[in-house]
Amino acid sequence: MSSNNVARVLVVGGGYVGMYTALRLQRKLKQELRQGTVEVIVVDPEPYMTYQPFLPEAAAGSISPRHVVVPLRRVLPQCKVVVGEVTAIDHDERRATITTLAAEETGDGAIEVAYDELVLAPGSVSRTLPVPGLADVGIGFKTVEEAIGLRNHVLEQLDIASSTRDPAVRDAALTFVFVGGGYAGVEALAELEDMARYAVRYYHNVKPEDMKWILVEATDRILPEVGPDMGRYAVRELRGRNIDVRLETRLESCEKRVAVLSDGSRFPTRTLVWTAGVKPHPILAASGLPLTGHGRLKCTAALQVDGVEHAWSAGDAAAVPDVTAEPPAKPDEPRPLCAPNAQHAVRQSKVLAENVAAAVRGGPIVDYAHKYAGSVASLGLHKGVAHIYGRKLRGYPAWFMHRAYHLGRVPTFNRKARVLAEWTLAGLFKREIVSLGSLENPRAEFELAAGTGRHNEAS
C-alpha cells in the first residue's frame, strides 16, 4: 500500500487507454473507491481525451471541436485527475515525478507521487524527420487544436488568393501539400478538400480547378489497414477529384515555403501538413522498463510489462502479442503483435482494467484476445472505404459504416447525442465557411488598441 493502507493506481495518460481504463476501474472498484481503500490518479497534460478519428470531420466543420473531446473530470468523478506531465518514473521505488501547471507558475518544482500499480498509457507523439524547413512551416494533425488551426488556415489561404494580384502568392496559397498516406493524412486531406471545394463557390475569382492538393507517400500504397484493393480504390477516388497522389515519393525539403519532392518536383506552398507516422512517447524511454527495438514497452498477453510486477500498458505504448494470430512457423520467432490502433486500444483497456482490479484485490488475471475486425476510412462527405470481417465496401456504404462505427465508439451518451445532432443539422443546412484564425491570438486586437497598431488615438 502507498500510504495509510490505501492502494494507489497511477494512470499515466488520459487518451483511449488511460481514460477507458480509469472509467472501468471506477466501476470495478466502486466499493473500494467509496471506502477510500483504493485511489485512482489519472495524469495527462490536457484535461480531456481527444477522439482522434473525428479530427478530420472537426477540421471540415462537420463536428464542433468541443464535441471531439471528452472532459476527464466529468467522466471520471471517482478518480483524481491531475493536469500535468510525468517526467520521470522510478518503478523500483514506485514513485513518479509530475510537473504540473502550478509548479511551472510558482517555480516550486515537480511533485512526487507514490503508487502501487502503474498503468503506462501516454500514447504517441508525431514522428518527424530531419527535413530542412519542416520545423518552421510544417503543420501537425494529432490534436484538436491542430485540426481547427488547419481549418482556419485553409480558409485563410482562400481569402489570400482571392485578394491578391500576385500570381506567385496566389499559386502558393492555393497549393496544399499533405505528407503521409495513413489514416490521418488521407482523411484530413479528403475532408478539407471537400470543404474547400464547397467554400470556393462563394469566391468570385477562385475556382475548384485553381487549387492543387498533393498527397505524398513514401511507400507504394495508401491506407494499408484497409487492404491493397481498397487502397488502390482510394487512390483512384482521390485522383478522380484532381488530387495529385504521389506514391514512392518523399519530401526532401520545404525551405522558403517550397516543397521539394524526391521525384524532382517543386511546389511553392503556404500549407504543408505532416502526418507521416508517430513514435512512442519519450516517457517510455525514461521509465527504465524493458522496451522493444521500436521503443514500445515489452508486454505479455495479459498487458503486464514483461518481467516487471505492478506495471501495465496497452495501446500505442505497448507491444502486445496477438494470441489470435497464426503462430510463427519457427518456434524461436516472436508472435505477431497487436496493431497499435484505436480498435485494439479500446478493447485492451477493458482487459487492462480487469487485470489491474484483480491485482488490487488479489484475483487472477487474464490474457487479451481479440481478432481484428477490419478498418474503415472516410474520403470526404458520402465517400469512404472499408474492409470489415473480410467484406470490402466503398463509396456511400463505407462512409456510412465509418460514421456508424465511430459514433458507437465515441465515449459517453452525451457526446454520441451531440455528434449525431450535428450530423443531422449539417445534412439540412449549408456548411460554415468562416475562418476564425484570430482565436489563435485573441489578444492581438487589444494589443493594437493599446497603442501599437492601427487604433492609436491622435494626441
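These remarks concern the structure in this document. (Residues numbered from 1 in each chain as written. Predicted model: local features only at pLDDT ≥ 70, side-chain atom pairs only at ≥ 80, totals over all residues. Heavy atoms only, no water.)

So, on to the pairing of strand 6 (residues 95–100). Side chains of strand 6 alternate between two faces, with Ala96, Ile98 and Thr100 buried and Arg95, Thr97 and Thr99 left unburied. The sheet contact formed by strand 5 (residues 80–90) and strand 6 spans 6 bridges and is antiparallel. Following the sheet pairing, Gly84 is matched in strand 6 by Thr100. The hairpin formed by strand 5 and strand 6 contains 4 residues between the paired strands, and Arg94 there has a positive phi angle of roughly 55°. Direction of pairing for strand 6 relative to strand 7 (residues 111–114): antiparallel, over a ladder of 4 bridges. Residue Ile98 lies in a different strand from strand 7, and its bridge partner there is Ile111. (Buried < 20%, exposed > 50% of the residue type's maximum accessible area, 1.4 Å probe, protein only. Helix = DSSP H or I, 4+ residues; strand = E, 2+ residues; numbered from the N terminus. Pairing = 2+ DSSP bridges.)

Turning next to helix 7 (residues 144–163). Taking 1.5 Å per residue, 20 residues should reach 28 Å; helix 7 reaches 29 Å between its end C-alpha atoms and fits that length. Most of helix 7 is tucked away, with 14 of its 20 residues classed as buried. (Expected span 1.5 Å × (residues − 1).)

It is worth spelling out the side chain of Thr275 at this point. With respect to the helices and strands, the residue Thr275 is situated in the loop between strand 17 (271–274) and strand 18 (278–280). Within the structure, Thr275 has its side chain in polar contact with the backbone oxygen of Gly180 (distance 3.5 Å). Among the polar contacts made by the side chain of Thr275, one reaches the main-chain amide nitrogen of Gly185 at a distance of 3.4 Å. (Polar contact = N/O pair within 3.5 Å; in protein donor to acceptor, adjacent residues only side chain to side chain.)

Take helix 13 (residues 396–409) next. If you check helix 13, its first and last C-alpha atoms are 20 Å apart, about what 14 residues at 1.5 Å a residue would give, namely 20 Å. Taken residue by residue, helix 13 has Ala398, Trp399, His402, Arg403, His406 and Leu407 as its buried positions. Along the long axis of helix 13, the arc covered by the buried residues comes to 165°, so they all point the same way. Lining the buried residues of helix 13 we find helix 3 (55–60), helix 9 (183–199), strand 22 (374–378), strand 23 (384–388), strand 24 (391–394) and helix 14 (413–428). (Arc of directions from axis to C-beta. Contact = heavy atoms within 4.5 Å.)

On to the state of the cysteines, then. For the structure on display, the rule yields 0 disulfides. Not engaged in a disulfide, the cysteine Cys338 finds its nearest cysteine sulfur in Cys299; these two sulfurs lie 10 Å apart. (Disulfide = S-S within 2.5 Å.)

This brings us to the nonpolar core. Counting 115 residues, the largest nonpolar core has Val40, Leu76, Phe178, Trp213, Leu223 and Val385 as its most contacted members. Apart from the residues lying within four places of it in its own chain, the contact partners of Phe178 are Leu150, Gly185, Ala188, Leu189, Leu192, Trp213, Ile214, Leu215, Val216 and Val273. In terms of nonpolar packing, the next biggest core, distinct from the first, is built from 14 residues, Val131, Val179, Val216 and Leu272 among them. (Core = buried A, V, L, I, M, F, W, Y, C linked by side-chain atoms within 4.5 Å.)

The next thing to look at is the pairing of strand 12 (residues 212–216). Burial of strand 12 is extensive: 4 of the 5 residues sit out of reach of the surface. With 5 bridges connecting them, strand 11 (residues 175–179) and strand 12 associate as parallel partners. Paired with Phe176 across the bridge in strand 12 is Trp213. Of the crossover connections in this fold, the one passing from strand 11 over helix 9 to the parallel strand 12 is right-handed. The pairing of strand 12 with strand 13 (residues 243–246) spans 4 bridges and is parallel. Within strand 13, the position partnered with Trp213 by the bridge is Ile243. Crossover connection from strand 12 via helix 10 (residues 228–240) to parallel strand 13: handedness right-handed. (Right-handed = clockwise from strand over helix to strand, strands pointing away.)

The next thing to look at is unusual backbone geometry. Phi at His310 is positive, roughly 65°, even though this residue is not glycine. Inspection of the secondary structure puts His310 in the loop between strand 19 (297–298) and strand 20 (311–313). Judged by its relative accessible area of 23%, His310 is partly exposed. Not every positive phi belongs to a glycine, and Thr412 is a case in point at roughly 70°. Take Thr412: it is sitting in the loop between helix 13 and helix 14.

This paragraph deals with a nonpolar patch on the surface. Together, Leu425, Leu428 and Phe429 line one region of the surface with nonpolar side chains, adding up to about 360 Å² of accessible area. Considering the arrangement of structural elements, one finds Leu428 in helix 14. (Patch = residues over 30% accessible without salt bridge, like charges linked within 9 Å, V, L, I, M, F, W, Y side chains within 5 Å. Areas by Shrake-Rupley, 256 points an atom, 1.4 Å probe, with all protein chains shown as cover. Salt bridge = Lys/Arg side-chain N within 4 Å of Asp/Glu carboxyl O.)

A few words now on the pattern of salt bridges. For the structure shown, the criterion picks out 19 salt bridges. Here Arg170 makes a salt bridge to Asp210, at a shortest N to O gap of 3.0 Å. On the criterion of sequence distance, the pair formed by Arg170 in helix 8 (residues 167–173) and Asp210 in the loop between helix 9 and strand 12 is long-range, its members being 40 residues apart. On the basis of relative accessible area, Arg170 is assigned to the partly exposed category, the value being 21%. On the basis of relative accessibility, which here comes to 28%, the residue Asp210 falls in the partly exposed class. Notably, a salt bridge pairs Lys392 with Asp229, separated by 2.4 Å at the nearest N-O pair.

Attention now moves to the sheet that holds strand 23. Pairing is antiparallel in the open sheet, where 3 strands are placed in the order 22-23-24. Each of the sheet's edge strands pairs with one partner strand only, and the pair in question is strand 22 and strand 24. Adjacent strand axes in the sheet meet at a mean angle of 10° when their direction is disregarded. In the sheet, strand 22 pairs with strand 23 via 5 bridges, with the strands oriented antiparallel. For Ser378, the partnering residue across the bridge sits in strand 23 and is Gly384. (Axes fitted to C-alpha atoms, helices over the stretch in contact; angles between N-to-C directions.)

So far we have only geometry, and geometry alone does not tell us how the molecule works.
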